Amino acid sequence: MIKLAPSILSADFARLLEDVKKVENAGCEYLHIDVMDGHFVPNITLGPAIVKSLRKDVNMVFDVHLMIENPDMYIKSFVDAGADIITVHQEACIHLHRTIQNIKSLGVKAAVALNPATSIETIKHVVDELDMVLVMTVNPGFGGQKFIQSMVYKIKELKKLIDEKGLNVDIQVDGGIKPDNVDKVVKAGANIIVAGSAIFNSENIPDTVKNFRENANV
C-alpha cells in the first residue's frame, strides 16, 4: 500500500494552510516540505517558521526535504519546528554518516536523497542506518518537471539492495509522478510517492488522490 506525499512547492502560498488541509482531508498521509536555499538548487522556498505554523493545525507526517548546503546547521531547527522525517542530500553532506546520526539523535526519522546522476553505491554502506531513501526522478529545484524514465531502473537497484540486506527502508520518489505513470515506480519498488502539481493543481483533489491509489495498486 503506497503513501502519498503532496509537495508543498505546488501549493498556493497565499492560502497555504487551506491547501494543505485539502490534501490532508483527501487522505494523503505525508506532507512533503521542500526547503531550498538558492545555492544547492536554483530556487528559494521556506524556513522553519512556516513548518512550525503549519504543525499547529496539520496532523500529517511532516516530511522535510532539505535541498540545501550545510544541512547540519538547520536540522535541529526543523525538528524543533515539527518535522517527523528529515531528508538530506548525499551530494550536500561531506560526512553523511555523521549527518544521519545527528538526525536520529534528535528523535526523528532519517532519509537520504539521491539526485538522478548519483549512484546507489554512494549510500551502500549507510543504508542500514536509514528509514527512507528518496530517489529524485527529476533534477531538484523546480516543480512541474518531466519524469526521467531511466530512474525506474535505479529504483529497482535500490529495492534489490534493501531486500538483499533484509532491511525495512522506505523508497520514496519525487519528480514528475502522475496517476498515469505511478504504476511504473511502484512496480520498481517505491512505496512513498511525492506529487506536487499533479495533486495540488488538480481540479478535484480527492478524485486525483483516488486515481493515484487505484493506478498504484499493482
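None of these values were measured; they are calculated from a predicted model. (Residues numbered from 1 in each chain as written. Predicted model: local features only at pLDDT ≥ 70, side-chain atom pairs only at ≥ 80, totals over all residues. Heavy atoms only, no water.)

Undergrad: Explain the sheet that holds strand β8 (residues 192-195) to me, and be specific about the residues and the numbers.
TA: Spatial ordering of the open sheet is given by β1-β8-β7-β6-β5-β4-β3-β2, a layout of 8 strands whose pairing is parallel. Looking at strand neighbours, the two that pair on one side only are β1 (3-6) and β2 (30-36), the edges of this open sheet. For this sheet the average axis-to-axis angle between neighbouring strands, irrespective of direction, equals 25°. Pairing geometry for strand β3 (residues 61-67) and strand β4 (residues 85-89), over 4 bridges, is parallel. Along β4, the bridge assignment pairs L66 with V88. With respect to the sheet, helix α4 (residues 96-105) is in contact with β4 and β5 (109-114), its orientation differing from that of β5 by roughly 145°. (Pairing = 2+ DSSP bridges. Helix = DSSP H or I, 4+ residues; strand = E, 2+ residues; numbered from the N terminus. Axes fitted to C-alpha atoms, helices over the stretch in contact; angles between N-to-C directions. Contact = heavy atoms within 4.5 Å.)

Undergrad: So what's going on with the UniProt feature "active site" (unreviewed entry) in the chain? Which residues, and what values?
TA: According to UniProt, the "active site" (unreviewed entry) feature falls on D34 and D174. Taking the farthest pair of C-alpha atoms as the criterion, the annotated set spanning 141 residues converges on one region, since that pair is 10.7 Å apart. Note on placement: D34 falls in strand β2. At 3.3 Å, the side chain of D34 forms a polar contact with the backbone nitrogen of L9. Inspection of the secondary structure puts D174 in strand β7 (residues 170-174). (UniProt positions renumbered as here; feature names shortened; annotations may be inferred. Polar contact = N/O pair within 3.5 Å; in protein donor to acceptor, adjacent residues only side chain to side chain.)

Undergrad: Residues and numbers for unusual backbone geometry, please.
TA: Residues other than glycine seldom take positive phi values, yet N70 does so here, at roughly 50°. Structurally, N70 can be placed in the loop between β3 and α3 (75-81).

Undergrad: I'd love a proper account of the UniProt feature "binding site: substrate" (unreviewed entry) in the chain, names of residues and values included.
TA: Here the UniProt-annotated "binding site: substrate" (unreviewed entry) positions come out as S7, H65, G141, F142, G143, G144, D174, G175, G176, G196 and S197. Overall, G175 belongs to the buried group, its relative accessible area being 5%. Once residues lying within four places of it in the same chain are set aside, the contact partners of G175 are T137, V138, F147 and V194. (Buried < 20%, exposed > 50% of the residue type's maximum accessible area, 1.4 Å probe, protein only.)

Undergrad: Tell me about the nonpolar core, residues and numbers included.
TA: Counting residues in hydrophobic clusters, the biggest one holds 67 residues, and the most contacted among them are I33, L66, I86, V88, V185, I193 and F212. No other element matches helix α5 (residues 151-164), which puts 5 residues into this core. The next biggest cluster of nonpolar side chains, apart from the first, holds 7 residues, and it includes Y30, A111, M132 and V194. (Core = buried A, V, L, I, M, F, W, Y, C linked by side-chain atoms within 4.5 Å.)

Undergrad: Break down the pairing of β2 for me, with residues and values.
TA: Of all the 7 residues making up β2, 7 are buried; the element is thus mostly covered by neighbouring parts of the structure. Pairing between β2 and β3: 7 bridges, direction parallel. Looking at the pairing, V35 lines up with L66 of β3. In this fold, β2 hands off to helix α2 (residues 48-55), which returns the chain to β3; that crossover is right-handed. (Right-handed = clockwise from strand over helix to strand, strands pointing away.)

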